[in-house]
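Architecture at a glance
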Amino acid sequence: GALTTTFLGHQVSNPFLNAAGVLCRTPEDLLQLASSVSGSMITKSCTVEPREGNPEPRYAAAPYGSINSMGLPNLGFEFYKQFAVEHRGKLLFISVSGMSMDENVKMAKDLLPVAKETGCIMELNLSCPNVPGKPQVGYDFTTMREYLQRVSSVYDAPFGVKLPPYFDIAHFDQAAAIFNEIPQVAFLTCVNSLGNGLVIDVDTETVAIKPKDGFGGLGGRYILPTALANVNAFYRRCPTKLVVGCGGVYSANEAFQHILAGASLVQVGTALHEEGPQIFQRVVDEFALLMRAKGYNTIDDFKGKLKTL
Ligand SMILES: CC(C)(C)CCc1c(C(=O)O)[nH]c(=O)[nH]c1=O
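Residues numbered from 1 in each chain as written. Predicted model: local features only at pLDDT ≥ 70, side-chain atom pairs only at ≥ 80, totals over all residues. Heavy atoms only, no water.

Quick word on the overall build of the protein
When its secondary structure is counted, the protein shows nine helices and 16 strands. A compact globule built from 309 residues would reach a C-alpha radius of gyration of about 19 Å, and the protein, at 18 Å, matches this within 12%. The dimensions of the protein, computed from C-alpha atoms along their principal axes, are 55 × 50 × 40 Å. A buried classification covers 55% of the 309 residues belonging to the protein. Here the contacts in the protein between residues at least 6 apart in sequence split such that 72% fall between residues at least 24 apart. Of the accessible surface of the protein, which amounts to about 13,400 Å², a share of 53% is contributed by carbon and sulfur atoms. Here the protein contributes 26 positive and 29 negative side-chain charges, whose respective centroids are spaced 6 Å apart. (Helix = DSSP H or I, 4+ residues; strand = E, 2+ residues; numbered from the N terminus. Rg over C-alpha atoms; globule rule 2.2 N^0.38 Å. Buried < 20%, exposed > 50% of the residue type's maximum accessible area, 1.4 Å probe, protein only. Contact = heavy atoms within 4.5 Å. Areas by Shrake-Rupley, 256 points an atom, 1.4 Å probe, with all protein chains shown as cover. Lys, Arg positive; Asp, Glu negative; His and termini not counted. Charge placed at Lys NZ, Arg CZ, Asp CG, Glu CD.)

What follows is the structure, given as structure tokens:
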């Protein structure tokens, strides 16, 4: 169909998938995704050991999106690796977010044979925690470069990185320079939630989530312009890499913006959490109508073709 596209040699029926973390932690979640219309799917960021995560409420819907401090609840690397081994059908991404560089290197090394065997693709979450007192790895460029050098030295297959949003042109330049040094980094997923927002309920005069005094990552409508800027900034700076868009996608309209900005695939997080996996059928139908209305036959007809003034 018109929405068919390829990603690192894998054909997908449409460019849509879930954002890591949403509807992808448990076997029940993953079955809902596998049986949805999404062209591909990704698992919850995992650590070597299973984790309970933070006390609830740890996710809250907000007027223009969502806030979360889940705390990396996941069933452990072995579960998601085994899921990849047994999975048949749509393209599968495995999100990895170890608690240390050693943990990430270990998971990458263990995932490699499964990736080569099954065609699943690793997405390394660079919002993973760093040494306490230091910023997340995605904001610590020295550590980020070391992470990517060490992972790519044990993982000789294409992989991607999930990036926090950047806001300073110099940071786009410095981050892109690092990614361009590492050929194994085949794609950049922009963006993870906007870190440490605060949602307040005026009636109760209280924060929305329990962990971290209510501080958490923002998703949804709050983050679309920032997500688009990050997609386009890295699309322009990393011509040998693919970009995956994530942030603020509720309909074909925002997905089209992400693809115009340079995204090859488009992830849906907050809107998927709020609407459920039937959102993929709705967005696919809307997207086909939008392409027809604009006279486009394939995604490549308009990918990255954003015009400037
Ligand atoms: C924030 C971390 C817990 C360090 C990583 C997992 C994660 C979470 C989470 O599990 O809290 N939420 C997000 O919006 N993005 C993430 O990357």
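Here we look at the packing of aromatic side chains
All chains considered together, the criterion is met by 17 aromatic pairs. Their ring planes at 75° and their centres at 5.4 Å tell us that F16 and F287 sit as a pair that is edge-to-face. Here F287 lies in helix α9 (residues 279-294) and F16 lies in strand β3 (residues 16-18), a separation of 271 residues in the sequence. Comparing F16 with F287, the two get one shared label, buried. Ring centres of Y64 and Y222 lie 5.9 Å apart, and the angle between their planes is 75°; this geometry places the pair in the edge-to-face category. Of this pair, Y64 sits in the loop between β5 (59-62) and β6 (65-68) while Y222 sits in the loop between β14 (215-220) and α6 (224-237), and the two are 158 residues apart along the sequence. Y64 sits in the exposed class, given a relative accessible area of 53%. (Phe/Tyr/Trp six-rings, centres within 6.5 Å; stacked < 30°, edge-to-face > 60°.)

What about the sheet that holds strand β4 (residues 40-42)?
Spatially, the eight strands line up as an open sheet ordered β3-β16-β15-β10-β9-β8-β7-β4, and their pairing is parallel. Looking along the sheet, the strands with just one partner apiece sit at the ends: β3 and β4. In this sheet, adjacent strand axes meet at a mean angle of 25° when their direction is disregarded. For strand β8 (residues 121-125) and strand β9 (residues 159-163), the ladder comprises three bridges, and the chain directions are parallel. Its bridge partner lying in β9, L124 is registered against V161. Set on the sheet, α6 makes contact with β9, β10 (185-190), β15 (242-246) and β16 (263-268); between it and β15 the angle comes to about 180°. (Pairing = 2+ DSSP bridges. Axes fitted to C-alpha atoms, helices over the stretch in contact; angles between N-to-C directions.)

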